[in-house]
Amino acid sequence: MTIQTIKTTPYNDQKPGTSGLRKSVKQFKKSDYLQNFVQAIFNTLEGIQGSTLILGGDGRYFNREAIQIILRMAAAAGFGRVIIGQGGILSTPAASNLIRQYQALGGIILSASHNAGGPEGDFGIKFNIANGGPAPESLTEAIFAASQHIHEYHIAPINPVPLDKLGAYEISGMQVEVIDSVSAYEELMESLFDFDKIAALLQSGSFKMRFDAMHAVTGPYAHRILEERLGAPEGTVIHGQPLADFGGGHPDPNQAHAKELMSLLYARNGDIDFGAASDGDGDRNMILGKQFFVTPSDSLAVLAANATAAPGYRNGIAGIARSMPTSQAPDRVAVKLGLPYFETPTGWKFFGNLLDAGKITLCGEESFGTSSNHVREKDGLWAVLFWLNLLAEKQDSVSNIVRKHWAEYGRNYYSRHDYEEIDLKAANELVNALLEQLPSLSGKTFGKLCVANADNFAYTDPVDGSVSKNQGIRILFTDGSRIIFRLSGTGTQGATLRVYLEKYEADPSKHDQDVQEALSELIAIAEQVAKIVAFTGREAADVIT
Ligand code: G1P
Ligand code: ZN
């Protein structure tokens, strides 16, 4: 079969962000926009000839078309085999697992995670390397550089592959296998958690849970694992049918976007004991108890402290890592257990080396991301199953488990305030003004709080020595409180300013305060220092988590 070479011209905006290349669907549909980026990936990779590629996405609008295009380009590039999830569906953690299991060269995951979908929404593409994890910065930089010099791409003129039927084909000398999207992932989960114990809990009749798949990729995974395999009553999974536009919703599992789940769990006299949700591509998770929200930072800390409750971690964990803006609650667990702990920049790619080197077993981010060394991505359903395992083991409620944790380790009051779609220029001016102030902030007092140090976070990877600079502005107080400012690297409109606030409270009699109230002093200092209202014109944050 003759391979076609098509002339093209570079787009100047194909720089991957925190997690792959995310743009509006409109942008992705521009002539050869996707093709350029895929060719840039293929031009950058070594060892393509005869190797295996994993391919799938979160099912959002444009997923299927993109898969057919990538298949044709993979055939032209010389891949020996492409493994696709049925219907073009693979959650991000399931794709990460398959890359490892098939010893693939890597995987292409089509997702814009929690960003809205549909023709007016966003699309995204990310490349994961052979360890199953996101491409490191060196590779994403190289892909971007290649995209700036693209003048042609290659494509095999083959018919579309039927994505909905399981099967194996040979096209243009390349093997294509459409596999069940869930099976391998389900087996992996069963190897880590006590399914018998969880099944007993879910079938007991005295415990009720709801899992909100938000009309995104975890629908089929949750139906199969929670309802079919573990026997949770039908109806446990809500919004379980994946839709190309996520039903018009915003598939982000947080208090603002998982409204229905929140109201179920917070209902007066409600009878749901455990609530959980996952995002567009299945890597995020939110954990709720009865009228109780578990911050993702606390969730990581609690799982780390109780890891041996799950069979997969019975022998203990090697260490813990958290992203810099994540609260320091997990550090306290590491200290108590005598484990190493690490603070990395925002983004899952920074955990990869630590996991590969065996320095850590668990890791997480405040942005509703938690996972372990079983894959190289964050994993929404894994966190849910871990919590179920814990609940089954302890025979206690979510809120009791967390409160007991606070009583032992102290409570890290924590919140993130997001100012979305603000003017890019204003955002940069705000950041520059903060950077200018940094040297004068050290030693400064604000009421009872004194600044110990203020800096622009830089990270040296302890495994390969690579340095990542400009990873967020930190104001660190002598009592352990922190204010962090960062601009998002995943948005597609204007800029998003994230303000992260944290305050530690050791005294259990003070663990029942309202979070925003507990943080009010820090919120006021953040405004005083960053002048958010003056720079952005915004009186209040758009999303508070
Ligand atoms: C956000 C989160 C970050 C996460 C990323 C991908 O990135 O803050 O923790 O890794 O999404 O899910 P941001 O938009 O802040 O760059
Ligand atoms: Zn995601």
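Residues numbered from 1 in each chain as written. Chains lettered and ligands numbered in written order. Predicted model: local features only at pLDDT ≥ 70, side-chain atom pairs only at ≥ 80, totals over all residues. Heavy atoms only, no water.

Novice: So, the overall build of the chain: which residues are in play, and what are the values?
Specialist: Each helix and strand in the chain was counted, giving 18 helices and 27 strands. A globule of 545 residues ought to have a C-alpha radius of gyration of about 24 Å, and the chain, at 23 Å, matches this closely. In terms of its C-alpha atoms, the chain occupies a principal-axis envelope of roughly 75 × 60 × 40 Å. Residue burial in the chain is summarised as follows: out of 545 residues, 59% are buried. Across the chain, the fraction of contacts at a sequence separation of at least 24, relative to all contacts at a separation of at least 6, is 72%. (Helix = DSSP H or I, 4+ residues; strand = E, 2+ residues; numbered from the N terminus. Rg over C-alpha atoms; globule rule 2.2 N^0.38 Å. Buried < 20%, exposed > 50% of the residue type's maximum accessible area, 1.4 Å probe, protein only. Contact = heavy atoms within 4.5 Å.)

Novice: Tell me what's going on with the site of ligand 1, and back it up with residues and numbers.
Specialist: Close to ligand 1 lie 15 residues; Thr 18, Ser 367, Gly 489, Thr 490 and Arg 498 are nearest. A distance of 2.6 Å is found between an oxygen atom of ligand 1 and a side-chain nitrogen or oxygen belonging to Ser 488. Measuring from an oxygen atom of ligand 1, one finds a side-chain N or O atom of Thr 490 at 2.5 Å. Look at ligand 1: alone it shows 380 Å² of surface, and the protein chains cover 99% of it. (Near = heavy atom within 4 Å. Polar contact = N/O pair within 3.5 Å; in protein donor to acceptor, adjacent residues only side chain to side chain. Areas by Shrake-Rupley, 256 points an atom, 1.4 Å probe, with all protein chains shown as cover.)

Novice: Run through the environment of Phe 79, naming residues and quoting values.
Specialist: Topologically, Phe 79 is positioned in the loop between helix H3 (63–77) and strand E4 (81–89). Exposure remark for Phe 79: the relative accessible area of 3% places this residue in the buried category. Considered as a pair, Phe 79 and Gln 49 are 30 residues apart in the sequence and their alpha carbons are 5.3 Å apart. For Phe 79, the contacting residues outside a window of four places in its chain are Phe 42, Ile 48, Gly 50, Ser 51, Thr 52, Leu 53, Ala 74, Leu 105 and Met 174.

Novice: Explain the nonpolar core residue by residue, including any values.
Specialist: Ranked by internal contacts, the top residues of the largest apolar core, which has 73 residues, are Phe 193, Phe 274, Trp 382, Trp 387 and Leu 388. Here the element with the most residues in this core is helix H13 (residues 380–394); it accounts for 11 residues. If sequence neighbours within four positions are ignored, Leu 388 has contacts with Ile 198, Leu 201, Leu 202, Phe 207, Met 209, Leu 226 and Phe 274. In terms of nonpolar packing, the next biggest core, distinct from the first, is built from 48 residues, Leu 55, Met 73, Ile 150 and Ala 156 among them. (Core = buried A, V, L, I, M, F, W, Y, C linked by side-chain atoms within 4.5 Å.)

Novice: Give me the lowdown on the sheet that holds strand E13 (residues 286–289), citing residues and values where you can.
Specialist: Across the sheet, which stays open at both edges, the 5 strands sit in the order E11-E10-E12-E13-E14 with mixed pairing between neighbours. Of all the strands in the sheet, the pair left with one neighbour each is strand E11 (237–238) and strand E14 (292–294). As judged from the 4 bridges shared by strand E12 (residues 274–277) and E13, these two strands associate in the antiparallel manner. Across the sheet, the residue bridging to Ala 276 is Ile 287, located in E13. (Pairing = 2+ DSSP bridges.)

Novice: For the coordination of the zinc ion (ligand 2), give the residues involved together with the corresponding values.
Specialist: On the protein side, the zinc ion (ligand 2) has Ser 113 (OG), Asp 279 (OD), Asp 281 (OD) and Asp 283 (OD) as donor atoms, found 2.0 to 2.1 Å from it. The site at the zinc ion (ligand 2) holds 4 donor atoms, and with the angles between them running 85 to 163°, its shape is irregular. Read in sequence order, the donor residues for the zinc ion (ligand 2) give the motif S-x165-D-x1-D-x1-D. Of this pair, Ser 113 sits in the loop between strand E5 (106–110) and strand E6 (122–128) while Asp 279 sits in the loop between E12 and E13, and the two are 166 residues apart along the sequence. Residue Ser 113 is classed as buried on the basis of its relative accessible area of 3%. In this structure Asp 279 comes out as buried when scored by relative accessible area, which is 0%. (Donors = N, O, S within 2.8 Å, 3.2 Å for Na, K, Ca; no water. Tetrahedral: all angles 85-135°; square planar, octahedral: opposite > 155°, others 65-115°.)

Novice: Outline helix H8 (residues 218–229), listing residues and values.
Specialist: For H8, the complete set of buried residues consists of Thr 218, Gly 219, Tyr 221, Ala 222, Ile 225, Leu 226 and Glu 227. One side of H8 holds all its buried residues, which, seen down the axis, span an arc of 165°. With its phi angle positive at about 80°, Gly 231 sits one or two positions after the end of H8. (Arc of directions from axis to C-beta.)

Novice: Describe the side chain of Ser 278, with residues and values.
Specialist: Tracing the sequence through the fold places Ser 278 in the loop between E12 and E13. Engagement of the side chain of Ser 278 in a polar contact is seen with the backbone oxygen of Arg 284, the distance being 2.7 Å. For Ser 278, the residues in contact, after removing those within four places along its chain, are Phe 211, Asp 212, Ala 213, Met 214, Thr 218, Pro 253, Asp 283, Arg 284 and Gly 380.

Novice: Mind laying out the packing of aromatic side chains, listing which residues take part and the relevant values?
Specialist: This model, assessed by the stated rule, comprises 16 aromatic pairs. Ring geometry for Phe 28 versus Tyr 33: centroids 5.3 Å apart, planes at 80°, classification edge-to-face. Residue Phe 28 is classed as buried on the basis of its relative accessible area, which comes to 2%. With a centroid separation of 6.2 Å and an interplanar angle of 85°, the aromatic rings of Phe 350 and Tyr 459 are classed as edge-to-face. Residue Phe 350 is found in the loop between strand E16 (341–344) and helix H12 (352–356), and its partner Tyr 459 is found in strand E22 (residues 459–460); the two are separated by 109 residues along the sequence. (Phe/Tyr/Trp six-rings, centres within 6.5 Å; stacked < 30°, edge-to-face > 60°.)

Novice: Before we move on, could you go through the packing of helix H10 (residues 296–305) against helix H11 (residues 329–337) and cite the residues and values that matter?
Specialist: The geometry of H10 relative to H11 is characterised by a closest axis approach of 7 Å and an angle of 15° between their N-to-C directions. Between H10 and H11, the interaxial angle falls into the category roughly parallel. Where H10 crosses over H11, the handedness of that crossing is right-handed. Contact with H10, carried on its side by Ser 297, Asp 298, Leu 300, Ala 301, Ala 304 and Ala 305, involves Ala 329, Pro 330, Val 333 and Leu 337 of H11 and no other residues of that element. Here the contact of H10 with H11 is composed, by residue class, of 8 nonpolar, 1 polar and 1 charged. (Axes fitted to C-alpha atoms, helices over the stretch in contact; angles between N-to-C directions. Parallel < 35°, antiparallel > 145°, perpendicular 65-115°, else oblique. Left-handed = near helix turned anticlockwise from the far one by under 90°. Nonpolar A, V, L, I, M, F, W, Y, C, P; charged D, E, K, R; others polar.)

Novice: Any chance you could break down the environment of Tyr 500 for me, citing the residues and the numbers?
Specialist: Structurally, Tyr 500 can be placed in strand E26 (residues 495–505). Taking relative accessible area as the criterion, Tyr 500 reaches 1% and is therefore assigned buried. With sequence-adjacent residues up to four places away left out, Tyr 500 is seen in contact with Pro 325, Glu 366, Tyr 414, Ser 415, Arg 416, Arg 482, Ile 483, Ile 484 and Arg 486. A polar contact of 2.9 Å, which involves the side chain of Tyr 500, links it to the side chain of Arg 486.

Novice: Could you give an account of the pattern of salt bridges, with specific residues and numbers?
Specialist: Throughout the structure, instances matching the rule amount to 31 salt bridges. Between Asp 164 and Arg 64 there is a salt bridge whose closest N-O contact spans 2.7 Å. With Asp 164 in the loop between strand E7 (152–155) and strand E8 (167–171) and Arg 64 in helix H3, the pair connects residues that are 100 residues apart, well separated along the chain. Residue class for Asp 164 comes out partly exposed when judged on its relative accessible area of 47%. (Salt bridge = Lys/Arg side-chain N within 4 Å of Asp/Glu carboxyl O.)

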